[in-house]
Every structure is written in C-alpha cells, then in structure tokens.
Amino acid sequence: PALAAQEVPSTLGAIAGSYDKVFVWDNGAQMWRYYVPGRPANTLTYFNPGDTIWIHATQPVTLTIVN
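Described below are features of the structure shown in this document. (Residues numbered from 1 in each chain as written. Predicted model: local features only at pLDDT ≥ 70, side-chain atom pairs only at ≥ 80, totals over all residues. Heavy atoms only, no water.)

It is worth spelling out a nonpolar patch on the surface at this point. Residues Trp-25, Met-31 and Trp-32 make up a contiguous nonpolar surface patch of about 310 Å² in total accessible area. With respect to the helices, strands and loops of the structure, Trp-32 is situated in strand β3 (residues 31-35). Residue Trp-32 is classed as partly exposed on the basis of its relative accessible area of 49%. (Patch = residues over 30% accessible without salt bridge, like charges linked within 9 Å, V, L, I, M, F, W, Y side chains within 5 Å. Areas by Shrake-Rupley, 256 points an atom, 1.4 Å probe, with all protein chains shown as cover. Salt bridge = Lys/Arg side-chain N within 4 Å of Asp/Glu carboxyl O. Helix = DSSP H or I, 4+ residues; strand = E, 2+ residues; numbered from the N terminus. Buried < 20%, exposed > 50% of the residue type's maximum accessible area, 1.4 Å probe, protein only.)

With respect to topology, three strands assemble into an open sheet ordered β3-β2-β5, the strand pairing being antiparallel. The strands lining the two open edges of the sheet, one partner per strand, are β3 and β5 (53-57). For this sheet, the mean angle separating the axes of adjacent strands, direction not counted, is 20°. Bridging between strand β2 (residues 19-26) and β3 involves five bridges; their strand directions are antiparallel. In the sheet register, Asp-26 faces β3, and the bridge partner there is Met-31. (Pairing = 2+ DSSP bridges. Axes fitted to C-alpha atoms, helices over the stretch in contact; angles between N-to-C directions.)

On the secondary structure map, Ala-57 appears in strand β5. Judged by relative accessible area, Ala-57 falls into the partly exposed class, the value being 36%. Distance in space between the C-alpha atoms of Ala-57 and Pro-9 is 15 Å, their sequence separation being 48 residues. Among residues more than four places away in sequence, those in contact with Ala-57 are Ser-18 and Tyr-19. (Contact = heavy atoms within 4.5 Å.)

Shown next, in the form of structure tokens:
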C-alpha cells in the first residue's frame with residue numbers, strides 16, 4: 001500500500017467506524033492476518049509494502065494510503 005510499513009489503526013483512521021474487519025494474506029506463514037477494531041488479540045498490526053488488503057466496509061468509504 002505504501003513504500004514503508006504502516007500501523008493498521010493509524011492507516012485506517014480516516015475510515016474509523018466504517019469497517020468492522022480487515023484481512024491480509026501472509027504468504028510466508030500461509031495464513032490470514034486480521035484486524036478487528038476493539039479486539040485485543042489482532043494478528044495484523046502493520047500493513048507492509050506489497051500487501052493485498054481486504055477491508056469489510058460497513059458503508060461506502062474511500063481510503064487513500066500515503067507514505
């Protein structure tokens with residue numbers, strides 16, 4: 001999504017309240033990493049360059065990720 005790793009909560013701050021879960025496939029570990037707002041045991045903490053991000057939006061949103 002960008003040229004450097006970015007923390008998930010701050011990257012998604014512009015659409016807070018408009019999504020309920022986010023997933024990224026970790027090819028090295030062969031598993032989905034997830035982020036659910038308010039959940040303490042999230043396995044996704046950073047977006048890394050080249051990640052494919054799946055966001056379950058609960059309403060129409062536009063997200064722009066910048067460096």
